[in-house]
Amino acid sequence: MSLLSERILNMATSATLAMAAKARELRGEGKDIIGLSLGEPDFNTPDFIKEEAIKAINEDYNSYTPVDGYVELKEAVITKFKRDNNLTYTLPQIVVSTGAKQALANIAAVMLNKGDEVILPCPYWVSYADIVKLNDGVPVEVKTSIDTDFKMTPEQLEAAITPNTKMMWFSSPCNPSGSVYSKAELRGLADVLAKYPNIYVVSDEIYEHINYVGGHASIAEFDDMYDRTITVNGVSKAFAMTGWRIGYIGGPEKIARACNKMQGQITSGANCIAQRAVITALNESPSRVQYMIDEFKVRRDLILGLLNDVEGFKSNTPEGAFYVFPNVSYYFGKTLRGKTINNATDFSLYLLEEALVATVTGEAFGNPDCIRISYAASQEQIIEAIKRIKEAVS
Ligand code: PLP
């Protein structure tokens with residue numbers, strides 16, 4: 001009998017975390033690594049949120065919270081969904097979790113049975129496929145390309161549907177491509193789904209506020225999609241609160257209740273101090289964090305301009321999130337400084353070892369032609385990183 005379960009043995013290690021660990025190791029050896037691999041704002045949590053956490057500690061918030069979150073927080077989530085997304089939810093439709101990641105894991109655990117297929121437009125966020133597999137689901141990757149701005153078309157969606165299709169999961173703005181689905185594009189997908197009323201959608205909107213084109217659209221806004229969409233969101237990205245670990249869902253009551261039940265056996269409620277702070281974050285206007293979005297936009301333009309000048313990098317123009325996802329297949333089959341590059345993983349490792357810049361292979365996101373570069377770093381770091389990359393590939 002093996003020590004570890006097949007479940008864990010079959011699971012991939014998160015590529016983003018693995019790259020960060022490798023970068024840390026090289027830093028430990030004294031190498032000056034520029035880390036552009038992690039999906040983490042380089043800002044501090046805003047003071048108006050931190051102050052609420054300090055207040056909560058002083059007011060002795062230290063007990064277990066309701067499993068699905070404090071009522072005041074769930075009310076703030078309801079306010080946020082109404083204000084920002086025109087979505088109306090009631091308290092039993094909301095579950096607060098330990099990050100959007102746990103929210104996604106809950107959904108998979110309560111909805112998937114063995115062999116259920118989950119459509120994932122590629123590139124997709126690194127953990128979707130493994131969360132689905134962990135829960136006996138089957139990820140069905142739908143390949144997109146730079147020509148459609150890495151967005152799935154209605155025809156592609158239709159072609160991927162089988163009698164086993166249970167769900168479709170996607171993020172908009174997308175990690176890693178930065179693509180943002182317009183309302184019309186979402187309607188196109190919804191029109192296909194209208195023919196298949198048993199298919200549910202997970203709409204991961206964690207980058208909602210990091211949007212450079214304005215007009216974030218939620219697929220649940222369509223009346224015919226509301227009852228079959230679970231909208232996932234959280235504070236990690238827009239509020240620079242990755243370590244606070246608060247995410248949430250709004251969705252059909254039956255699914256929310258099931259997530260609550262699952263969470264009750266696995267983790268109980270999310271951290272009490274973080275929950276108190278997030279009440280304020282969500283009740284305040286998103287304009288309070290606009291300064292970060294403005295800076296991300298400057299960096300996006302900066303990195304796109306710099307990459308334009310690097311041979312063999314072909315990028316779309318990301319409309320949200322804080323990543324570029326250039327196609328680097330130009331280098332496949334070539335030898336650089338004696339190292340043969342066969343795929344995006346080789347290329348990403350090459351950049352780490354030779355340019356001392358940490359990126360993530362697109363393979364982890366279901367697209368083996370690209371690498372993901374995060375621009376959640378200072379302008380100086382971005383300029384230096386792309387300079388090093390340019391030198392390493394020339
Ligand atoms: N969804 C997407 C698309 C993400 O990029 C991330 C984090 O990188 C998450 C969910 C998880 O966020 P959280 O920190 O709330 O668990």
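Residues numbered from 1 in each chain as written. Predicted model: local features only at pLDDT ≥ 70, side-chain atom pairs only at ≥ 80, totals over all residues.

Per an unreviewed UniProt entry, the chain goes by the name Aminotransferase and belongs to Thalassobellus suaedae. Quoted verbatim from the Sequence similarities (unreviewed entry) field of the UniProt record, the comment on the chain reads "Belongs to the class-I pyridoxal-phosphate-dependent aminotransferase family." Reading the Cofactor (unreviewed entry) entry of the UniProt record for the chain gives the comment "pyridoxal 5'-phosphate". (UniProt positions renumbered as here; feature names shortened; annotations may be inferred.)

For the rest of this paragraph, the subject is the UniProt feature "domain: Aminotransferase class I/classII large" (unreviewed entry) in the chain. Annotation from UniProt places "domain: Aminotransferase class I/classII large" (unreviewed entry) at residues 31-389. A distance of 16 Å separates the end C-alpha atoms of residues 31-389, which is 38% helix and 15% strand. (Helix = DSSP H or I, 4+ residues; strand = E, 2+ residues; numbered from the N terminus.)

A word on the environment of A108. Inspection of the secondary structure assignment puts A108 in helix α5 (residues 99-111). We classify A108 as buried; it has 23 C-beta atoms within 10 Å. Here the alpha-carbon distance between A108 and A23, two residues 85 residues apart in the chain, equals 31 Å. (Buried ≥ 20, exposed ≤ 12 C-beta atoms within 10 Å, placed from the backbone.)

The next thing to look at is the domain arrangement of the chain. When cut into domains, the chain gives domain 1 (6-44 + 289-393) and domain 2 (47-285). In this assembly, 36 residues from domain 1 lie in contact with 33 residues from domain 2. Mapped by element, the contributors of at least two residues to the side of domain 1 that touches domain 2 are α2 (15-28), α12 (290-308) and β9 (323-324). Grouping the constituent residues of the side of domain 1 that touches domain 2 by class yields 18 nonpolar, eleven polar and seven charged. (Domains from an automatic or database assignment. Contact = placed C-beta atoms within 7 Å. Nonpolar A, V, L, I, M, F, W, Y, C, P; charged D, E, K, R; others polar.)

Glancing now at the site of the ligand. Residues in close proximity to the ligand total 13 residues, the closest being G99, A100, K101, G234 and S236. The leading source of residues in the shell around the ligand is α5, at three residues. Along the lines of polarity and charge, the residues of the shell around the ligand split into three nonpolar, eight polar and two charged. (Near = placed C-beta within 6 Å.)

Core analysis: the largest hydrophobic core is formed by 116 residues, its most contacted members being L104, V278 and V357. Viewed by domain, this core spans two of them, domain 1 (6-44 + 289-393) and domain 2 (47-285), each represented by three or more residues. In contact with V278, not counting residues within four places along its chain, are L73, V235 and I246. (Core = buried A, V, L, I, M, F, W, Y, C linked by C-beta atoms within 7 Å.)

Looking now at the sheet that holds strand β13 (residues 360-361). The strand order across the open sheet formed by three strands is β9-β14-β13, and the pairing between neighbours is antiparallel. Only two strands of the sheet have a single partner each, and these edge strands are β9 and β13. Across two bridges, β9 lies against strand β14 (residues 371-374) in antiparallel orientation. Among the inter-strand pairings, V324 is bridged to a residue of β14, identified as I373. (Pairing = 2+ DSSP bridges.)

Our focus in this paragraph is unusual backbone geometry. Most of the time, phi is negative for any residue but glycine, and the peptide bond is trans. Residue P123 is reached from C122 by a cis peptide bond, and omega for that bond is 0°. Positionally, P123 belongs in the loop between β3 (117-122) and α6 (128-134). Look at the link from N175 to P176: it is a cis peptide, with omega at 25°. Position of P176 among the secondary structure elements: in the loop between β5 (165-171) and α8 (183-193). Unusually for a residue other than glycine, A240 sits at a positive phi of about 50°. Along the chain, the position of A240 falls in the loop between β7 (229-234) and β8 (247-250). Exposure remark for A240: the 20 C-beta atoms within 10 Å place this residue in the buried category.

Averaged over every residue, the pLDDT of the chain is 96; residues scoring 70 or more account for 100%. The complex model carries a pTM of 0.96, and its ipTM stands at 0.99. (pLDDT = per-residue confidence, 0-100.)

Running from amino to carboxyl end, helix α3 (residues 47-58) crosses helix α11 (residues 272-283) at an angle of 140°, the nearest separation of the two axes being 8 Å. If you check the angle between α3 and α11, you find them oblique. α3 and α11 meet at a crossing whose hand is right-handed. Every residue of α11 that contacts α3 at F48, I49, E52, A53, A56 and I57 is listed here: I273, R276, A277, T280 and A281. Tallied by class, the residues present in the contact of α3 with α11 amount to eight nonpolar, one polar and two charged. (Axes fitted to C-alpha atoms, helices over the stretch in contact; angles between N-to-C directions. Parallel < 35°, antiparallel > 145°, perpendicular 65-115°, else oblique. Left-handed = near helix turned anticlockwise from the far one by under 90°.)

Running from N to C, helix α13 (residues 344-355) and helix α14 (residues 379-393) cross one another at 105°; their axes reach a closest spacing of 10 Å. On the basis of their axis angle, the class for α13 and α14 is roughly perpendicular. Along its contact with α13, which presents L351, E354 and A355, the element α14 presents R388, I389 and A392. Here the residues of the contact of α13 with α14 sort into four nonpolar, no polar and two charged.

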